[in-house]
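Results of the structural survey
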Amino acid sequence: MLPVVVVHGGAGHIPKDRAEISYVGVKEAARAAYSILRSGGSAMDAVVEAVAMLENNPVYNAGRGSVLNVKGEVEMDALVMDGRTLASGAVSAVRRVANPIRLARLVMEKTSHLCLTAEGASQFARTMGVPEVPEESMITDYARMRWKKNLDPDTNPMECQTGKMGTVGAVAVDLEGNVACATSTGGMTNKMEGRVGDTPCVGCGGYADNHIGAVSSTGHGETIMKVTLSRLILFHMEQGTYTGIYRSVEPRINEPSEATLKGGPTAGLTRQCQARGL
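Cut-offs and rules
- The written sequence of each chain sets the order in which its residues are numbered from 1.
- For this predicted model, a pLDDT threshold of at least 70 governs which residues receive local features, and a threshold of 80 or more governs which side-chain atom pairs are given and counted, while totals over whole chains, interfaces and linings are taken from all residues.
- Remark: hydrogens and water are excluded; side-chain values derive from all non-hydrogen atoms of the structure.
- Paired strands are those between which DSSP finds at least two bridges.
- A run of DSSP states H or I qualifies as a helix once it reaches four residues; a run of E qualifies as a strand once it reaches two. Both are numbered from the N-terminal end.
- Every axis in this analysis is a line fitted to C-alpha atoms, fitted for helices over the stretch in contact. Angles between the N-to-C directions lie between 0 and 180 degrees.
- Residue contacts are defined here by distance: any two heavy atoms, one from each residue, within 4.5 Å place the two residues in contact.
- Under the scheme applied, nonpolar residues are Ala, Val, Leu, Ile, Met, Phe, Trp, Tyr, Cys and Pro; charged residues are Asp, Glu, Lys and Arg; polar residues are all the others, including Gly.

**Remarks on the sheet that holds strand β1 (residues 4-8)**
- Pairing is mixed in the open sheet, where six strands are placed in the order β1-β5-β6-β2-β3-β4. Only two strands of the sheet have a single partner each, and these edge strands are β1 and β4 (115-117). Between one strand axis and the next, the sheet turns through 5 degrees on average, direction left out of account.
- Pairing analysis gives five bridges linking β1 to strand β5 (residues 168-173), with the strands arranged antiparallel. Within β5, the residue paired with valine 5 across the bridge is alanine 172.
- Of the strands in this sheet, β1 and β5 are in contact with helix α1 (residues 16-38), which crosses β1 at around 155 degrees.
- Helix-sheet contacts for helix α3 (residues 100-110) involve β2 (76-82), β3 (88-94), β4 and β6 (179-185), and the interaxial angle to β3 is about 130 degrees.

Encoded structure:
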């Protein structure tokens, strides 16, 4: 089967001075993932590598470029899912880990659980020999600037989420016809401590099933969770009713902030390699 990989750099408005480097980072991640697939690597290997590269790139809201919570700290979420077995692994509100997506894969492969959170995830990382990195190394000047700006009580809650890249992710199908997804995020700017969005939730932040396809979502997490967006997209992909996705979601979007922030370059592909950006 022809290998395919689709990579996204997240929802949100990209400032002009950051647009080009944002495009370059996604292209580099896609090329690296495709090289893995061409050489016979698995879809899981490919999507994890693509997302790890974006986590290492301070341009994106994941890993090193993550936005800060209301206390000025980094808390990250990540998810992987294997379409061959429906196995998945996730971490939420994890700190001081350079690549949450690799930790999520370890949760899938080395535990009987699906998701580990906060200090429990950190303890597991130490057990697995994953190095702990200083908090300061995860915080960029850009993230700190936006955090300070949005501490102003008069800040518009919708505007405070603009000017940043959103959740990153990738989907792939390998030479054996297996699909996988991976999604990683730093969450929402100035979120409450402990807030967990859609990313680590199966069916919300991503979903993969060899019989249908794979999806990695991005956008307003609370809205995505209301409709389990990734699984909903795959349902309509399976039925061939792509326009039904919007008809089934829009009546459930009531809040102005949700209507404004729900959009994003969600990545999806069918097992027949018909890649679609939704």
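**Topic: the packing of helix α2 (residues 43-56) against α3**
- Direction vectors running N to C along α2 and α3 enclose 145 degrees, while the axes themselves pass 8 Å from each other. Two secondary-structure elements touch here, α2 through Met44, Asp45, Val48, Glu49, Val51, Ala52 and Glu55 and α3 through Pro100, Ile101, Arg102, Arg105 and Met108.
- Residues of the contact of α2 with α3, tallied by class, amount to seven nonpolar, no polar and five charged.

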